[in-house]
Amino acid sequence: MTYTIRQITVSLTLSSRYLGVGLMCFITILLGSTSAAAQEKTVTNAKIFAPSYLQVQDTYLSPEEYTGTELRYISHTIREKDSSKWSTLFINEGAVGYGKSRSENGNTISGSYHFQYGRMHQWSLMENKMRIKAGGQAELTAGFIYNTRNGNNPAQAIAMAGIGPLLHIDYDLRRITVSYEASCPLLGLTFSPNYGQSYYEIFSEGHYDHNIVPTTIVSTPSIRQTLTVDIPWGRTTWRLGIYGDYRQQQVNSLKRHIYSSGIIIGIATKTKRGTRI
């Protein structure tokens, strides 16, 4: 189905209005308290390697589910100010995966980059042994899925943006810190071909067919969560744990899910004024 430029403009305008209220609320959370710009910052950063079990299905490419292995590199940073209850989260993540069909007559190769920015307010309990942070986050994901068996339409692009809640809990157990973190998108936008539409039609012939789709938690029920333990060992703090990243999408009569669950192995550092503490 071919759309005119006017119809495309109207569709994008409606999408913008759809996200307007959510963005206004979200920006209020993200800005938080920014009046203390001169305060000292404590920065906790973890460099993480995460091998995982991968499950991929994209009905634009195939009705089959492909399972295999994924490797992720994650940079996880939390910045805190001494006299403020607000903290900032940054996540930069890259992943590559390889999967096989049940009959082993087809393979998928996938890759993605994920960026996440969040603002959280902290509540301290049990004489500061437990710290609960909650707020909002924005995320961007770009990537691809390539099916080696397909001759026509062998690849699917991944492009999505979302906003939603963010939760982070720390608990000090003697010298060890146990942490749980979870986030999920409530509202967003995603790119998707329509059912039966080729990429040639979209990009070569310019046929727009509801390819920029507003999403909610109903059409993209997804969650990302981690459970980690920071263990000091000499001058190094090891971060060990498990994670699960479960992404689902059903738009334009097409379904996609990417489930990734595995272990976390990394090194965490805490600095203040650029000096390790």
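Remarks on the nonpolar core
Here's step 1: Counting residues in hydrophobic clusters, the biggest one holds 12 residues: A46, I48, A50, I74, I78, L89, I91, M120, L166, Y243, I264 and A268.
Here's step 2: Among the elements that make up this core, the one with the highest residue count is strand β1 (residues 41-58) (3 residues).
Here's step 3: Filtering out sequence-adjacent residues up to four positions away, Y243 remains in contact with A50, S52, E70, R72, Q225, T226, S260, S261, G262, I263 and I264.
Here's step 4: Residues V56, I158, F191 and Y199 belong to the second largest nonpolar core, which totals 11 residues.

Side note on the pattern of salt bridges
Here's step 1: Tallied over the entire structure, the rule returns 14 salt bridges.
Here's step 2: Of the charged contacts, one joins D82 and K272 as a salt bridge, the two residues approaching to 3.2 Å between their closest N and O atoms. Remark: K272 occurs in strand β12 (residues 254-272) and D82 occurs in the loop between β2 (62-81) and β3 (86-100); sequence separation between them is 190 residues.
Here's step 3: Taking relative accessible area as the criterion, K272 reaches 27% and is therefore assigned partly exposed.
Here's step 4: Residue R224 pairs with D245 through a salt bridge whose shortest N-O separation is 3.7 Å.

Notes on unusual backbone geometry
What is expected of a backbone is that most residues other than glycine have negative phi and most peptide bonds are trans.
Here's step 1: Positive phi is not limited to glycine here, since E127 has a value of about 55 degrees.
Here's step 2: For E127, the position within the fold is in the loop between β4 (107-125) and β5 (130-147).

Observations concerning the confidence of the model for the protein
Here's step 1: Residue-level pLDDT values for the protein average 89, and 86% of them are 70 or greater.
Here's step 2: Below a pLDDT of 50 lies the segment residues 1-12, which in the model reaches 11 contacts outside its immediate sequence neighbourhood of four places, other chains included.
Here's step 3: Counting contacts from residues 33-38, a segment whose pLDDT is below 50, to residues more than four positions away or on other chains yields 6 contacts.

How each quantity is defined
Residues numbered from 1 in each chain as written. Predicted model: local features only at pLDDT ≥ 70, side-chain atom pairs only at ≥ 80, totals over all residues. Heavy atoms only, no water. Core = buried A, V, L, I, M, F, W, Y, C linked by side-chain atoms within 4.5 Å. Buried < 20%, exposed > 50% of the residue type's maximum accessible area, 1.4 Å probe, protein only. Helix = DSSP H or I, 4+ residues; strand = E, 2+ residues; numbered from the N terminus. Contact = heavy atoms within 4.5 Å. Salt bridge = Lys/Arg side-chain N within 4 Å of Asp/Glu carboxyl O. pLDDT = per-residue confidence, 0-100.

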